[in-house]
Amino acid sequence: MFKLFFKNVEEKVALSIDEKTAIGEKLERKEIKKGQFLLRADEICNQIVFIEKGVLRTYLKDENGFDHVIFFGLEGWTAGDLNSFMKEQPARFYIDALEDCELTMICKTVHDELIETIPAFESYMRILMTNAYMASLTRTSDLISLSLEERYKNFITSYPSIIQRVPQYMIASHLGVSPETLSRLRAKIID
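The sections below set out a description of the structure shown in this document.

Another point: the environment of isoleucine 51. Mapped onto the fold, isoleucine 51 is located in strand 3 (residues 47-53). Classification of isoleucine 51 as buried rests on a relative accessible area of 0%. Placed 52 residues apart in sequence, isoleucine 51 and leucine 103 show a C-alpha to C-alpha distance of 4.8 Å. Filtering out sequence-adjacent residues up to four positions away, isoleucine 51 remains in contact with Leu4, Leu56, Gly73, Leu74, Glu75, Gly76, Trp77, Glu102 and Leu103.

Attention shifts here to the nonpolar core. Counting residues in each nonpolar core, the largest one holds 38 residues, and the members touching the most others are Leu56, Phe72 and Leu103. Grouped together as the second largest cluster of nonpolar side chains are 19 residues, Phe6, Ile106, Phe121 and Leu128 included.

Here the focus is the packing of helix 8 (residues 168-175) against helix 9 (residues 179-190). Geometry of a packed helix pair, given as the angle between the helix axes and the separation of the axes. At their nearest, the axes of helix 8 and helix 9 sit 8 Å apart, and the two run at 95 degrees to each other. When the axes of helix 8 and helix 9 are compared, the pair comes out roughly perpendicular. Taking contact as the criterion, the partners of Gln168, Tyr169, Ile171, Ala172 and Leu175 in helix 8 are, on helix 9, Pro179, Leu182 and Arg186. Class assignment for the residues of the contact of helix 8 with helix 9 results in six nonpolar, one polar and one charged.

Further remarks concern a nonpolar patch on the surface. Nonpolar side chains collect at one region of the surface, where Tyr133, Met134 and Leu137 lie side by side and expose about 330 Å² of accessible area between them. You can see leucine 137 is positioned in helix 5 (residues 119-145). With a relative accessible area of 46%, leucine 137 lands in the partly exposed category.

Because the α-helix completes a turn every 3.6 residues, residues three or four places apart line up on one side. An ideal rise of 1.5 Å per residue puts 39 Å on 27 residues; helix 5 measures up with 39 Å between its terminal C-alpha atoms. Taken as a whole, helix 5 has its buried residues at Ala120, Phe121, Tyr124, Met125 and Leu128. Where helix 5 is buried, its residues contact helix 1 (3-12), helix 2 (17-26), strand 3, strand 6 (78-79), strand 8 (101-107) and helix 4 (108-117).

Bringing the sheet that holds strand 8 into the picture now. If you trace the four strands from one edge of the open sheet to the other, you get 1-8-3-6, paired in antiparallel fashion. Since the sheet does not close on itself, it has two edges, and those belong to strand 1 (28-32) and strand 6, each with one partner. Two elements, strand 3 and strand 6, share two bridges in a ladder whose sense is antiparallel. By the bridge assignment for strand 6, valine 49 is matched with alanine 79. Contacts from helix 1 reach strand 3 and strand 8 within the one sheet, and its direction differs from that of strand 3 by about 110 degrees.

Cut-off values and rules
- Residues numbered from 1 in each chain as written.
- Predicted model: local features only at pLDDT ≥ 70, side-chain atom pairs only at ≥ 80, totals over all residues.
- Heavy atoms only, no water.
- Helix = DSSP H or I, 4+ residues; strand = E, 2+ residues; numbered from the N terminus.
- Buried < 20%, exposed > 50% of the residue type's maximum accessible area, 1.4 Å probe, protein only.
- Contact = heavy atoms within 4.5 Å.
- Core = buried A, V, L, I, M, F, W, Y, C linked by side-chain atoms within 4.5 Å.
- Axes fitted to C-alpha atoms, helices over the stretch in contact; angles between N-to-C directions.
- Parallel < 35°, antiparallel > 145°, perpendicular 65-115°, else oblique.
- Nonpolar A, V, L, I, M, F, W, Y, C, P; charged D, E, K, R; others polar.
- Patch = residues over 30% accessible without salt bridge, like charges linked within 9 Å, V, L, I, M, F, W, Y side chains within 5 Å.
- Areas by Shrake-Rupley, 256 points an atom, 1.4 Å probe, with all protein chains shown as cover.
- Salt bridge = Lys/Arg side-chain N within 4 Å of Asp/Glu carboxyl O.
- Expected span 1.5 Å × (residues − 1).
- Pairing = 2+ DSSP bridges.

This is how it looks when you write it as structure tokens:
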């Protein structure tokens, strides 16, 4: 149980057998179906999830009701509204399942307990948060400084299987363009 989760953790930090057992006893499994919400804006994000199977989408809704995709989470990735989770404030993001998902869940109280009692877990979470921060900076920088074609190529390099798993209009939203613009770009690249 939690095989992919522990594989991911142990790629970043070393765990003793006792630490692995202590962490494993605190984790929860959750399955959500395609289309179900893991989190809605204005709820408190009280868990960080590790994706064992499936695809999650994190997005904002603007004042006109349009979705703006911030992040796609695939197998081996974590997801949650980090600001809401850490500060216990209402979430800004929606998170829903684009496929049936199997998730490993770490609730806030367990997270805080493991941070205090298992230094390797604290190191793992620090690495995850640092990586999330760097990814956010890279995404912001790319939106400002790269052409759409360069952003699209970076996207498909970063998410090689995503093209078959996520609707094109969501990819367009993630890239900050209309579906029609993305379609024209893809036709140009293919030609």
